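Overview (structure and organization)
This is what each chain is made of:
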Amino acid sequence: MKCPVCGYLNDPEDVECIACGSDMALSAESIAIEKQRSKEAMERYRLQQEELRRELGIDEPEEGPLVMAREEETPAASEPGDSGPLETSLEMESIPSDFYSDVFLCPQCGFRNAREAIECVRCGVIFSKLKGMGDKGVTESSDLPGGTGPVLDDLGEAPLDTGTGYSPYVPGAKLESRSTGEKVKAAWRDVDLSGKSESALKGLGGMGTRMKAVPPKWYGLALGVVLLLVALPFAWKGGLLLKSEWAQRSRVKLEASLVDEFTGNRAAIGAEVRAFADSEKFEEARAVLDRFDIEPLQAELEPLKRYLEEKETYARVLAVPAWKFETNYTLFSRLVALSPSNTFYRSKQEFYKKRLAGQCHDKALRLYQSRKNDAAKSAEAVSLIEKAVGFYPKNRAFKELRAKVIYADLLYYKGNGSLQMALRDEGLGKSLYKKQRKITIWLRNTSDEILYINPDFFTLETRNGKSLKYNNVMETGFQGKLSPGEKTAGVLYFRSLAMPRALTFEHLVAGTIQREFP
(Lines give C-alpha, C1' and ligand atoms only; values in the text may rest on other atoms or scores of the structure.)
Protein backbone atom coordinates (compact mmCIF):
# COMPACT_ATOMS: atom_id res chain seq x y z
CA MET A 1 0.00 0.00 0.00
CA LYS A 2 1.43 3.41 -1.00
CA CYS A 3 1.71 6.01 1.76
CA PRO A 4 -0.43 9.09 0.83
CA VAL A 5 2.01 11.41 2.65
CA CYS A 6 5.51 10.41 1.51
CA GLY A 7 4.69 7.90 -1.23
CA TYR A 8 6.59 5.01 0.32
CA LEU A 9 5.33 1.55 -0.76
CA ASN A 10 4.30 -0.38 2.37
CA ASP A 11 2.84 -3.87 2.82
CA PRO A 12 -1.00 -4.18 2.65
CA GLU A 13 -1.26 -5.09 6.33
CA ASP A 14 0.79 -2.08 7.54
CA VAL A 15 -1.21 0.47 9.53
CA GLU A 16 1.57 3.06 9.83
CA CYS A 17 4.08 4.09 7.16
CA ILE A 18 7.52 2.62 7.74
CA ALA A 19 9.22 5.68 6.22
CA CYS A 20 7.41 8.63 7.83
CA GLY A 21 5.38 6.93 10.61
CA SER A 22 2.03 8.50 9.67
CA ASP A 23 -1.32 6.71 10.05
CA MET A 24 -2.13 5.79 6.48
CA ALA A 25 -5.90 5.56 7.03
CA LEU A 26 -6.12 8.99 8.63
CA SER A 27 -3.70 10.46 6.09
CA ALA A 28 -5.75 9.16 3.19
CA GLU A 29 -8.96 10.56 4.70
CA SER A 30 -7.30 13.95 5.36
CA ILE A 31 -5.97 14.14 1.83
CA ALA A 32 -9.39 13.29 0.41
CA ILE A 33 -11.03 16.00 2.52
CA GLU A 34 -8.44 18.54 1.42
CA LYS A 35 -8.94 17.64 -2.23
CA GLN A 36 -12.71 18.03 -1.85
CA ARG A 37 -12.28 21.43 -0.17
CA SER A 38 -9.89 22.58 -2.88
CA LYS A 39 -12.33 21.45 -5.56
CA GLU A 40 -15.23 23.29 -3.91
CA ALA A 41 -13.14 26.44 -3.48
CA MET A 42 -12.15 26.39 -7.16
CA GLU A 43 -15.79 25.93 -8.17
CA ARG A 44 -16.86 28.88 -5.98
CA TYR A 45 -14.12 31.01 -7.48
CA ARG A 46 -15.20 30.08 -11.03
CA LEU A 47 -18.85 30.94 -10.33
CA GLN A 48 -17.89 34.27 -8.81
CA GLN A 49 -15.76 35.15 -11.81
CA GLU A 50 -18.53 34.24 -14.24
CA GLU A 51 -21.09 36.31 -12.32
CA LEU A 52 -18.67 39.22 -12.13
CA ARG A 53 -18.02 39.14 -15.86
CA ARG A 54 -21.77 39.03 -16.59
CA GLU A 55 -22.53 41.95 -14.26
CA LEU A 56 -19.73 44.03 -15.69
CA GLY A 57 -21.01 43.34 -19.21
CA ILE A 58 -17.96 41.41 -20.31
CA ASP A 59 -19.98 38.21 -20.99
CA GLU A 60 -23.52 38.17 -22.34
CA PRO A 61 -26.09 36.25 -20.25
CA GLU A 62 -27.09 32.90 -21.64
CA GLU A 63 -30.38 33.19 -23.52
CA GLY A 64 -32.35 29.97 -23.76
CA PRO A 65 -35.94 29.29 -24.84
CA LEU A 66 -38.40 30.41 -22.21
CA VAL A 67 -40.77 27.57 -21.30
CA MET A 68 -43.80 28.38 -19.20
CA ALA A 69 -44.48 25.76 -16.61
CA ARG A 70 -47.95 24.40 -16.44
CA GLU A 71 -49.86 24.57 -13.23
CA GLU A 72 -49.75 20.86 -12.79
CA GLU A 73 -46.02 20.88 -13.27
CA THR A 74 -45.45 23.69 -10.80
CA PRO A 75 -44.08 22.23 -7.57
CA ALA A 76 -46.31 22.78 -4.58
CA ALA A 77 -45.14 24.89 -1.67
CA SER A 78 -43.61 22.89 1.06
CA GLU A 79 -45.51 22.67 4.23
CA PRO A 80 -43.79 22.76 7.59
CA GLY A 81 -42.48 19.35 8.29
CA ASP A 82 -42.62 18.35 4.64
CA SER A 83 -39.33 17.67 3.09
CA GLY A 84 -40.49 18.78 -0.35
CA PRO A 85 -39.49 17.28 -3.67
CA LEU A 86 -36.38 15.19 -3.79
CA GLU A 87 -34.73 17.36 -6.47
CA THR A 88 -35.03 20.52 -4.38
CA SER A 89 -33.57 18.86 -1.33
CA LEU A 90 -30.65 17.47 -3.27
CA GLU A 91 -29.98 20.85 -4.90
CA MET A 92 -29.98 22.66 -1.57
CA GLU A 93 -27.73 20.05 0.02
CA SER A 94 -25.24 20.28 -2.83
CA ILE A 95 -24.51 23.94 -2.00
CA PRO A 96 -21.88 24.16 0.75
CA SER A 97 -22.94 26.00 3.89
CA ASP A 98 -19.91 28.32 3.70
CA PHE A 99 -20.45 29.26 0.03
CA TYR A 100 -20.82 32.98 0.83
CA SER A 101 -18.67 33.03 3.99
CA ASP A 102 -15.86 35.00 2.31
CA VAL A 103 -18.16 37.33 0.33
CA PHE A 104 -19.34 40.79 1.38
CA LEU A 105 -22.45 42.30 -0.28
CA CYS A 106 -22.10 45.97 -1.17
CA PRO A 107 -24.72 48.04 0.79
CA GLN A 108 -24.97 50.38 -2.18
CA CYS A 109 -25.53 48.11 -5.17
CA GLY A 110 -25.60 44.61 -3.67
CA PHE A 111 -22.59 43.34 -5.62
CA ARG A 112 -20.60 40.52 -4.02
CA ASN A 113 -17.10 41.71 -3.11
CA ALA A 114 -14.27 40.03 -1.29
CA ARG A 115 -14.46 40.53 2.46
CA GLU A 116 -11.12 42.40 2.52
CA ALA A 117 -12.15 44.78 -0.32
CA ILE A 118 -11.87 48.51 0.43
CA GLU A 119 -14.30 49.69 -2.26
CA CYS A 120 -17.01 48.09 -4.39
CA VAL A 121 -15.83 46.70 -7.71
CA ARG A 122 -19.14 47.60 -9.40
CA CYS A 123 -20.20 51.03 -8.06
CA GLY A 124 -16.89 52.17 -6.54
CA VAL A 125 -18.32 53.19 -3.18
CA ILE A 126 -15.81 53.27 -0.31
CA PHE A 127 -17.24 51.11 2.46
CA SER A 128 -15.58 52.97 5.34
CA LYS A 129 -17.38 56.24 4.39
CA LEU A 130 -20.94 54.87 4.47
CA LYS A 131 -23.12 55.94 7.41
CA GLY A 132 -23.25 53.36 10.18
CA MET A 133 -20.41 51.24 8.64
CA GLY A 134 -18.15 50.81 11.63
CA ASP A 135 -17.25 47.37 10.33
CA LYS A 136 -18.25 46.55 6.78
CA GLY A 137 -20.72 43.73 6.44
CA VAL A 138 -21.96 44.01 10.02
CA THR A 139 -24.78 46.60 9.55
CA GLU A 140 -26.89 46.82 6.43
CA SER A 141 -29.10 49.71 5.39
CA SER A 142 -32.76 49.29 6.39
CA ASP A 143 -33.93 50.38 2.97
CA LEU A 144 -31.71 47.75 1.36
CA PRO A 145 -33.19 44.41 2.46
CA GLY A 146 -30.61 41.76 1.99
CA GLY A 147 -28.27 44.43 0.68
CA THR A 148 -29.62 44.08 -2.87
CA GLY A 149 -32.22 46.87 -3.21
CA PRO A 150 -31.79 50.15 -5.08
CA VAL A 151 -30.31 53.23 -3.45
CA LEU A 152 -32.85 56.04 -2.89
CA ASP A 153 -32.31 59.75 -2.37
CA ASP A 154 -32.48 61.45 1.02
CA LEU A 155 -36.33 61.64 0.84
CA GLY A 156 -36.61 58.01 -0.13
CA GLU A 157 -38.55 58.86 -3.28
CA ALA A 158 -36.36 58.38 -6.32
CA PRO A 159 -33.50 55.93 -7.04
CA LEU A 160 -30.03 57.43 -7.44
CA ASP A 161 -27.46 56.73 -10.08
CA THR A 162 -24.90 54.47 -8.50
CA GLY A 163 -22.46 54.16 -11.34
CA THR A 164 -18.73 53.73 -11.00
CA GLY A 165 -17.20 56.31 -8.69
CA TYR A 166 -20.47 57.16 -6.84
CA SER A 167 -20.04 58.14 -3.20
CA PRO A 168 -23.23 59.28 -1.44
CA TYR A 169 -23.23 62.29 0.84
CA VAL A 170 -23.95 61.33 4.42
CA PRO A 171 -25.25 64.23 6.60
CA GLY A 172 -23.52 64.62 9.91
CA ALA A 173 -20.41 62.66 8.84
CA LYS A 174 -17.22 64.51 9.72
CA LEU A 175 -13.71 63.55 8.70
CA GLU A 176 -11.50 62.56 11.55
CA SER A 177 -8.90 65.18 12.33
CA ARG A 178 -5.49 63.66 12.93
CA SER A 179 -2.03 65.12 13.39
CA THR A 180 0.72 64.72 10.79
CA GLY A 181 2.61 62.25 12.97
CA GLU A 182 -0.51 60.07 13.38
CA LYS A 183 -1.12 60.14 9.63
CA VAL A 184 2.46 59.03 8.96
CA LYS A 185 2.18 56.24 11.53
CA ALA A 186 -1.19 55.12 10.09
CA ALA A 187 0.26 54.99 6.61
CA TRP A 188 3.18 52.83 7.76
CA ARG A 189 1.28 50.71 10.30
CA ASP A 190 0.59 47.81 7.93
CA VAL A 191 4.01 47.83 6.28
CA ASP A 192 6.22 44.90 7.22
CA LEU A 193 9.79 46.14 7.62
CA SER A 194 10.91 43.62 10.22
CA GLY A 195 14.57 42.79 9.91
CA LYS A 196 15.07 45.14 6.98
CA SER A 197 14.56 48.83 7.68
CA GLU A 198 13.73 49.27 11.35
CA SER A 199 16.11 52.20 11.58
CA ALA A 200 14.39 53.92 8.64
CA LEU A 201 10.98 53.37 10.23
CA LYS A 202 12.21 54.79 13.53
CA GLY A 203 13.59 57.79 11.69
CA LEU A 204 10.26 58.43 10.00
CA GLY A 205 8.46 58.04 13.30
CA GLY A 206 10.81 60.52 14.94
CA MET A 207 10.32 62.93 12.05
CA GLY A 208 6.55 62.65 12.45
CA THR A 209 6.86 63.33 16.19
CA ARG A 210 8.89 66.45 15.56
CA MET A 211 6.49 67.61 12.88
CA LYS A 212 3.69 67.68 15.48
CA ALA A 213 5.26 70.75 17.07
CA VAL A 214 5.46 72.59 13.73
CA PRO A 215 2.49 74.87 12.94
CA PRO A 216 0.56 73.80 9.83
CA LYS A 217 1.55 76.92 7.91
CA TRP A 218 5.24 75.98 8.32
CA TYR A 219 4.86 72.39 7.09
CA GLY A 220 6.03 73.26 3.61
CA LEU A 221 9.12 75.08 4.85
CA ALA A 222 10.00 72.29 7.30
CA LEU A 223 9.59 69.65 4.62
CA GLY A 224 11.75 71.67 2.24
CA VAL A 225 14.54 71.94 4.83
CA VAL A 226 14.43 68.19 5.45
CA LEU A 227 14.56 67.43 1.73
CA LEU A 228 17.43 69.89 1.30
CA LEU A 229 19.44 68.24 4.07
CA VAL A 230 18.82 64.80 2.55
CA ALA A 231 19.66 65.88 -1.00
CA LEU A 232 22.72 67.98 -0.12
CA PRO A 233 25.24 65.06 0.12
CA PHE A 234 24.00 63.60 -3.16
CA ALA A 235 24.20 66.99 -4.86
CA TRP A 236 27.73 67.51 -3.50
CA LYS A 237 28.84 64.07 -4.73
CA GLY A 238 27.22 64.62 -8.09
CA GLY A 239 28.87 68.01 -8.40
CA LEU A 240 32.30 66.55 -7.70
CA LEU A 241 31.75 63.79 -10.24
CA LEU A 242 30.56 66.30 -12.81
CA LYS A 243 33.55 68.54 -12.13
CA SER A 244 35.93 65.59 -12.47
CA GLU A 245 34.30 64.61 -15.75
CA TRP A 246 34.60 68.16 -17.07
CA ALA A 247 38.25 68.31 -16.06
CA GLN A 248 38.96 64.98 -17.76
CA ARG A 249 37.23 66.09 -20.93
CA SER A 250 39.12 69.37 -20.92
CA ARG A 251 42.43 67.56 -20.40
CA VAL A 252 41.76 65.14 -23.26
CA LYS A 253 40.75 68.00 -25.52
CA LEU A 254 43.88 69.99 -24.58
CA GLU A 255 46.17 67.00 -25.15
CA ALA A 256 44.65 66.41 -28.58
CA SER A 257 45.22 70.03 -29.57
CA LEU A 258 48.84 69.93 -28.28
CA VAL A 259 49.56 66.74 -30.22
CA ASP A 260 48.20 68.31 -33.41
CA GLU A 261 50.22 71.48 -32.83
CA PHE A 262 53.48 69.59 -32.13
CA THR A 263 52.99 67.23 -35.07
CA GLY A 264 52.45 70.10 -37.48
CA ASN A 265 55.41 72.18 -36.13
CA ARG A 266 57.90 69.50 -35.01
CA ALA A 267 60.90 70.95 -36.86
CA ALA A 268 60.24 74.52 -35.76
CA ILE A 269 59.77 73.58 -32.11
CA GLY A 270 62.98 71.49 -32.10
CA ALA A 271 64.97 74.33 -33.68
CA GLU A 272 63.59 76.77 -31.11
CA VAL A 273 64.58 74.54 -28.15
CA ARG A 274 68.12 73.99 -29.53
CA ALA A 275 68.57 77.71 -30.18
CA PHE A 276 67.61 78.55 -26.60
CA ALA A 277 69.95 75.82 -25.26
CA ASP A 278 72.93 76.95 -27.39
CA SER A 279 72.50 80.52 -26.21
CA GLU A 280 72.25 79.26 -22.57
CA LYS A 281 68.64 80.40 -22.24
CA PHE A 282 67.75 77.27 -20.35
CA GLU A 283 64.58 78.60 -18.67
CA GLU A 284 63.02 79.55 -22.02
CA ALA A 285 63.92 76.18 -23.54
CA ARG A 286 62.48 74.32 -20.55
CA ALA A 287 59.26 76.35 -20.76
CA VAL A 288 58.78 75.28 -24.40
CA LEU A 289 59.32 71.62 -23.46
CA ASP A 290 57.05 71.83 -20.42
CA ARG A 291 54.22 73.09 -22.63
CA PHE A 292 54.27 69.89 -24.68
CA ASP A 293 55.28 67.58 -21.80
CA ILE A 294 52.29 65.20 -21.97
CA GLU A 295 52.08 61.41 -22.12
CA PRO A 296 51.51 61.04 -25.91
CA LEU A 297 54.58 63.19 -26.71
CA GLN A 298 57.11 61.72 -24.26
CA ALA A 299 59.00 59.76 -26.94
CA GLU A 300 59.08 62.79 -29.25
CA LEU A 301 60.47 65.10 -26.55
CA GLU A 302 63.16 62.75 -25.19
CA PRO A 303 65.95 63.80 -27.66
CA LEU A 304 65.26 67.48 -27.02
CA LYS A 305 65.34 66.93 -23.23
CA ARG A 306 68.71 65.16 -23.47
CA TYR A 307 70.14 67.95 -25.64
CA LEU A 308 68.97 70.61 -23.19
CA GLU A 309 70.37 68.71 -20.16
CA GLU A 310 73.72 68.22 -21.91
CA LYS A 311 74.09 71.91 -22.64
CA GLU A 312 73.04 72.85 -19.12
CA THR A 313 75.45 70.34 -17.49
CA TYR A 314 78.37 71.52 -19.61
CA ALA A 315 77.65 75.11 -18.65
CA ARG A 316 77.79 74.07 -14.98
CA VAL A 317 81.07 72.17 -15.33
CA LEU A 318 82.74 75.22 -16.88
CA ALA A 319 82.02 77.16 -13.69
CA VAL A 320 83.58 74.52 -11.36
CA PRO A 321 87.26 75.04 -10.36
CA ALA A 322 89.69 72.44 -11.72
CA TRP A 323 90.92 71.43 -8.25
CA LYS A 324 87.46 70.09 -7.29
CA PHE A 325 88.17 66.67 -8.70
CA GLU A 326 85.08 64.90 -7.38
CA THR A 327 82.60 67.51 -8.65
CA ASN A 328 84.22 67.62 -12.09
CA TYR A 329 84.30 63.83 -12.26
CA THR A 330 80.58 63.60 -11.37
CA LEU A 331 79.53 66.17 -13.99
CA PHE A 332 81.65 64.67 -16.78
CA SER A 333 80.30 61.22 -15.93
CA ARG A 334 76.78 62.59 -16.50
CA LEU A 335 77.89 64.14 -19.82
CA VAL A 336 79.28 60.79 -20.94
CA ALA A 337 75.95 59.17 -20.12
CA LEU A 338 74.10 61.81 -22.18
CA SER A 339 76.52 61.64 -25.13
CA PRO A 340 78.53 58.37 -25.08
CA SER A 341 80.23 59.04 -28.42
CA ASN A 342 81.79 62.32 -27.32
CA THR A 343 85.54 61.65 -26.88
CA PHE A 344 86.15 64.98 -25.16
CA TYR A 345 83.77 64.10 -22.35
CA ARG A 346 85.41 60.69 -21.95
CA SER A 347 88.92 62.09 -21.73
CA LYS A 348 87.89 64.61 -19.10
CA GLN A 349 86.10 61.92 -17.11
CA GLU A 350 89.22 59.73 -17.05
CA PHE A 351 91.44 62.71 -16.14
CA TYR A 352 89.38 63.66 -13.09
CA LYS A 353 88.96 60.00 -12.15
CA LYS A 354 92.73 59.61 -11.76
CA ARG A 355 93.02 62.85 -9.85
CA LEU A 356 90.19 61.84 -7.49
CA ALA A 357 91.62 58.37 -6.83
CA GLY A 358 95.07 59.82 -6.09
CA GLN A 359 93.50 62.41 -3.78
CA CYS A 360 91.65 59.70 -1.81
CA HIS A 361 94.86 57.63 -1.50
CA ASP A 362 96.92 60.56 -0.26
CA LYS A 363 94.37 61.59 2.36
CA ALA A 364 93.95 58.00 3.61
CA LEU A 365 97.74 57.68 3.86
CA ARG A 366 97.99 60.86 5.95
CA LEU A 367 95.30 59.59 8.34
CA TYR A 368 97.07 56.23 8.64
CA GLN A 369 100.48 57.76 9.29
CA SER A 370 99.15 60.13 11.92
CA ARG A 371 98.70 57.12 14.27
CA LYS A 372 96.18 58.97 16.40
CA ASN A 373 93.95 56.97 18.71
CA ASP A 374 90.77 58.07 16.89
CA ALA A 375 88.30 55.47 15.64
CA ALA A 376 86.39 58.02 13.55
CA LYS A 377 89.49 59.06 11.58
CA SER A 378 90.41 55.42 11.12
CA ALA A 379 86.96 54.71 9.65
CA GLU A 380 87.34 57.75 7.37
CA ALA A 381 90.67 56.43 6.11
CA VAL A 382 89.05 53.08 5.32
CA SER A 383 86.27 54.79 3.36
CA LEU A 384 88.73 56.88 1.32
CA ILE A 385 90.97 54.02 0.35
CA GLU A 386 87.96 51.85 -0.52
CA LYS A 387 86.86 54.53 -3.01
CA ALA A 388 90.33 54.64 -4.57
CA VAL A 389 90.44 50.85 -4.90
CA GLY A 390 86.93 50.97 -6.43
CA PHE A 391 88.26 53.23 -9.21
CA TYR A 392 91.37 51.11 -9.85
CA PRO A 393 91.03 47.62 -8.33
CA LYS A 394 94.36 46.41 -9.72
CA ASN A 395 96.48 49.28 -8.43
CA ARG A 396 99.06 47.69 -6.13
CA ALA A 397 99.74 50.79 -4.05
CA PHE A 398 96.04 51.27 -3.37
CA LYS A 399 95.60 47.61 -2.35
CA GLU A 400 98.57 47.63 0.01
CA LEU A 401 97.44 50.79 1.74
CA ARG A 402 93.94 49.41 1.99
CA ALA A 403 95.20 46.32 3.86
CA LYS A 404 97.24 48.44 6.27
CA VAL A 405 94.37 50.84 6.97
CA ILE A 406 91.87 48.04 7.59
CA TYR A 407 94.27 46.14 9.86
CA ALA A 408 94.81 49.33 11.84
CA ASP A 409 91.04 49.92 11.99
CA LEU A 410 90.48 46.39 13.39
CA LEU A 411 92.35 47.45 16.52
CA TYR A 412 89.58 49.90 17.44
CA TYR A 413 86.58 48.72 19.46
CA LYS A 414 83.46 48.54 17.29
CA GLY A 415 80.14 46.81 17.82
CA ASN A 416 76.74 47.68 19.28
CA GLY A 417 75.34 49.14 22.46
CA SER A 418 75.96 45.94 24.45
CA LEU A 419 79.35 44.65 23.33
CA GLN A 420 82.32 45.90 21.29
CA MET A 421 85.12 43.91 19.72
CA ALA A 422 88.65 44.64 18.45
CA LEU A 423 91.02 42.11 16.89
CA ARG A 424 94.29 41.55 15.06
CA ASP A 425 95.35 38.87 12.61
CA GLU A 426 98.63 37.42 13.85
CA GLY A 427 99.14 35.24 10.77
CA LEU A 428 100.05 31.55 11.02
CA GLY A 429 101.15 30.13 14.31
CA LYS A 430 104.60 28.76 15.06
CA SER A 431 105.92 25.39 16.09
CA LEU A 432 102.98 23.12 16.80
CA TYR A 433 100.48 25.70 15.43
CA LYS A 434 102.24 26.57 12.18
CA LYS A 435 99.28 25.31 10.13
CA GLN A 436 96.73 27.24 12.14
CA ARG A 437 95.52 30.83 11.92
CA LYS A 438 96.16 32.86 15.09
CA ILE A 439 93.84 35.76 15.98
CA THR A 440 93.95 37.99 19.05
CA ILE A 441 90.59 39.33 20.22
CA TRP A 442 89.58 42.07 22.69
CA LEU A 443 86.03 42.42 24.08
CA ARG A 444 84.44 45.27 26.06
CA ASN A 445 81.07 45.13 27.84
CA THR A 446 79.15 48.38 27.12
CA SER A 447 75.79 47.18 28.49
CA ASP A 448 74.25 47.47 31.97
CA GLU A 449 74.21 43.76 32.73
CA ILE A 450 76.67 40.90 33.15
CA LEU A 451 77.65 39.04 29.97
CA TYR A 452 79.04 35.50 29.85
CA ILE A 453 81.70 34.94 27.20
CA ASN A 454 82.18 31.56 25.56
CA PRO A 455 84.83 30.98 22.85
CA ASP A 456 82.36 28.73 21.06
CA PHE A 457 80.43 31.88 20.12
CA PHE A 458 83.19 32.83 17.60
CA THR A 459 83.09 31.77 13.92
CA LEU A 460 85.85 32.45 11.36
CA GLU A 461 84.99 32.70 7.66
CA THR A 462 87.91 32.22 5.27
CA ARG A 463 88.48 33.36 1.69
CA ASN A 464 87.89 29.85 0.37
CA GLY A 465 84.31 29.88 1.73
CA LYS A 466 84.72 27.78 4.89
CA SER A 467 83.31 28.49 8.36
CA LEU A 468 85.46 27.28 11.27
CA LYS A 469 85.19 27.04 15.06
CA TYR A 470 88.30 27.57 17.20
CA ASN A 471 90.70 24.78 18.13
CA ASN A 472 89.87 24.21 21.82
CA VAL A 473 93.11 22.36 22.67
CA MET A 474 94.73 25.44 24.14
CA GLU A 475 93.43 27.85 26.78
CA THR A 476 91.96 30.94 25.16
CA GLY A 477 92.48 33.32 28.08
CA PHE A 478 88.97 34.84 27.90
CA GLN A 479 87.28 35.82 31.13
CA GLY A 480 83.99 33.92 31.32
CA LYS A 481 82.05 36.51 33.34
CA LEU A 482 82.23 40.07 32.04
CA SER A 483 80.70 42.79 34.19
CA PRO A 484 79.46 46.13 32.77
CA GLY A 485 82.39 48.32 31.65
CA GLU A 486 84.99 45.52 31.95
CA LYS A 487 87.30 44.24 29.18
CA THR A 488 88.74 40.84 28.36
CA ALA A 489 91.15 39.48 25.77
CA GLY A 490 92.13 36.11 24.41
CA VAL A 491 93.80 34.22 21.57
CA LEU A 492 92.00 31.80 19.26
CA TYR A 493 93.54 29.28 16.84
CA PHE A 494 91.67 28.07 13.74
CA ARG A 495 92.80 25.10 11.65
CA SER A 496 93.15 26.83 8.27
CA LEU A 497 95.90 28.12 5.99
CA ALA A 498 93.48 30.32 4.02
CA MET A 499 93.30 34.04 4.53
CA PRO A 500 90.50 35.15 6.87
CA ARG A 501 87.55 37.10 5.50
CA ALA A 502 85.48 37.90 8.61
CA LEU A 503 85.17 37.00 12.31
CA THR A 504 81.65 36.80 13.80
CA PHE A 505 80.66 36.74 17.48
CA GLU A 506 77.06 35.65 18.21
CA HIS A 507 75.70 36.22 21.71
CA LEU A 508 72.15 35.54 22.88
CA VAL A 509 71.95 38.77 24.90
CA ALA A 510 74.53 41.08 23.29
CA GLY A 511 73.58 40.23 19.70
CA THR A 512 75.85 39.67 16.71
CA ILE A 513 79.13 41.50 15.95
CA GLN A 514 81.15 40.99 12.78
CA ARG A 515 84.53 42.46 11.80
CA GLU A 516 85.86 42.04 8.26
CA PHE A 517 89.49 41.53 7.27
CA PRO A 518 91.10 43.22 4.22
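Residues numbered from 1 in each chain as written. Predicted model: local features only at pLDDT ≥ 70, side-chain atom pairs only at ≥ 80, totals over all residues. Heavy atoms only, no water.

Topic: the overall build of the chain
What the chain contains, in helices and strands, is 12 helices and 12 strands. Taken across its 518 residues, the chain has 27% of its residues classed as buried. Contacts in the chain between residues at least 24 apart in sequence constitute 52% of all its contacts with a sequence separation of at least 6. As presented, the chain carries roughly 35300 Å² of accessible surface, and 55% of it is formed by carbon and sulfur atoms. (Helix = DSSP H or I, 4+ residues; strand = E, 2+ residues; numbered from the N terminus. Buried < 20%, exposed > 50% of the residue type's maximum accessible area, 1.4 Å probe, protein only. Contact = heavy atoms within 4.5 Å. Areas by Shrake-Rupley, 256 points an atom, 1.4 Å probe, with all protein chains shown as cover.)

Digging into the packing of helix α11 (residues 375-391) against helix α12 (residues 396-409)
Running from amino to carboxyl end, α11 crosses α12 at an angle of 155°, the nearest separation of the two axes being 9 Å. The pairing of α11 with α12 is recorded here as roughly antiparallel in orientation. Between α11 and α12 lies a crossing whose hand is left-handed. Along the contact surface, α11 presents A375, S378, A379, A381, V382, I385, E386, A388 and V389, while α12 presents F398, K399, L401, R402, V405, I406, A408 and D409. Here the contact of α11 with α12 is composed, by residue class, of 12 nonpolar, one polar and four charged. (Axes fitted to C-alpha atoms, helices over the stretch in contact; angles between N-to-C directions. Parallel < 35°, antiparallel > 145°, perpendicular 65-115°, else oblique. Left-handed = near helix turned anticlockwise from the far one by under 90°. Nonpolar A, V, L, I, M, F, W, Y, C, P; charged D, E, K, R; others polar.)

Observations concerning unusual backbone geometry
Here the phi dihedral of E280 falls at roughly 60°; this positive angle occurs in a residue that is not glycine. When you line up the elements, E280 lands in the loop between α6 (266-278) and α7 (282-291). The class for E280 is exposed, based on a relative accessible area of 53%.

Looking at the nonpolar core
One finds M421, I441, F458 and L503 to be the most contacted residues of the largest nonpolar core, which totals 48 residues. Other than its neighbours up to four places away in sequence, M421 contacts Y412, Y413, K414, I441, W442, L443, F458, L503, F505, I513 and R515. Ranked by size, the runner-up nonpolar core spans 15 residues in total, among them F262, I269, I294 and L304. (Core = buried A, V, L, I, M, F, W, Y, C linked by side-chain atoms within 4.5 Å.)

A short note on the environment of Y8
Relative to the assigned elements, Y8 resides in the segment before α1 (24-55). When the C-alpha atoms of Y8 and C20 are compared, they prove to be 8.4 Å apart, with 12 residues separating the residues in sequence.

Here we look at the packing of aromatic side chains
Scanning the entire structure with this criterion turns up 11 aromatic pairs. A centroid spacing of 5.9 Å and a plane angle of 15° characterise the contact between F332 and Y352, whose relative ring orientation is stacked. Of this pair, F332 sits in helix α9 (residues 325-338) while Y352 is found in helix α10 (residues 343-370), placing the two residues 20 residues apart along the sequence. Through a chain of ring-to-ring contacts, three or more aromatic side chains come together here, namely Y314, F332, F344, Y345, F351 and Y352. Seen from the ring of Y413, R444 lies directly overhead, with NZ or CZ sitting 4.4 Å from the centre. (Phe/Tyr/Trp six-rings, centres within 6.5 Å; stacked < 30°, edge-to-face > 60°. Lys NZ or Arg CZ within 6 Å of the ring centre and 35° of its normal.)

Brief notes about the sheet that holds strand β4 (residues 419-428)
Across a sheet, paired strands are connected by hydrogen bonds in the backbone, their directions being either parallel or antiparallel. Taking strand neighbours across the sheet as the criterion, the four strands line up as β3-β4-β5-β10 in an open arrangement whose pairing is antiparallel. The open sheet has two edge strands, β3 (414-415) and β10 (487-494), and neither has a second partner. Looking at chain direction, strand β5 (residues 437-445) and β10 are connected through eight bridges and run antiparallel. The residue of β10 that forms the bridge with I439 is L492. (Pairing = 2+ DSSP bridges.)

Digging into the sheet that holds strand β12 (residues 511-516)
Pairing is antiparallel across the open sheet formed by four strands, whose spatial order is β8-β7-β11-β12. Strands at the two margins of the open sheet, each flanked by one partner only, are β8 (467-468) and β12. Of the pairings in the sheet, the one linking strand β11 (residues 500-507) to β12 comprises six bridges and is antiparallel in character. Within β12, the position partnered with A502 by the bridge is E516.

Examining the confidence of the model for the chain
When the pLDDT values of the chain are averaged, the result is 76; 70% of them are 70 or greater. Predicted confidence is poor over residues 153-157, with pLDDT under 50, and the contacts of this stretch with residues over four places away or in other chains come to two contacts. (pLDDT = per-residue confidence, 0-100.)

Here we look at the pattern of salt bridges
Counted under the stated rule, the structure contains 18 salt bridges. Residue R291 pairs with E261 through a salt bridge whose shortest N-O separation is 3.0 Å. Of this pair, R291 sits in helix α7 while E261 sits in helix α5 (residues 219-264), and the two are 30 residues apart along the sequence. Assessed through its relative accessible area of 31%, E261 is described here as partly exposed. Of the charged contacts, one joins D425 and R437 as a salt bridge, the two residues approaching to 3.4 Å between their closest N and O atoms. With D425 in strand β4 and R437 in strand β5, this residue pair connects regions lying 12 residues apart in the sequence. Across the pair, exposure class does not vary: D425 and R437 are buried alike. Ionic contacts of the salt-bridge type, sharing partners, join the residues E43, R46 and E50 into one network. (Salt bridge = Lys/Arg side-chain N within 4 Å of Asp/Glu carboxyl O.)

What about the pairing of strand β7 (residues 458-462)?
Of all five residues that make up β7, four are buried, and the element is covered over most of its length. Summarising the sheet, β7 and β8 pair through two bridges and their orientation is antiparallel. In the sheet register, L460 faces β8, and the bridge partner there is L468. Counting the residues between successive antiparallel strands, the hairpin from β7 to β8 contains four residues, one of them, G465, with a positive phi of roughly 85°.

So, α10
With 28 residues, α10 extends 41 Å between its outermost C-alpha atoms, agreeing within 8% with the 40 Å of an ideal straight helix rising 1.5 Å per residue. Those residues of α10 that are buried are in contact with α8 (298-318), α9, α11 and α12. Put simply, N342 is the residue that caps the front of α10, since its side-chain oxygen is 3.0 Å from the backbone nitrogen of F344. (Expected span 1.5 Å × (residues − 1). Polar contact = N/O pair within 3.5 Å; in protein donor to acceptor, adjacent residues only side chain to side chain.)

Looking at the side chain of N445
Its location among the elements puts N445 in strand β5. A residue is classified by how much of its surface remains accessible, and N445, at 2% relative accessible area, is buried. Polar side-chain contacts of N445 include one of 3.1 Å to the backbone oxygen of S483. Once residues lying within four places of it in the same chain are set aside, the contact partners of N445 are S418, L419, I450, L451, L482, S483, P484, G485 and E486.

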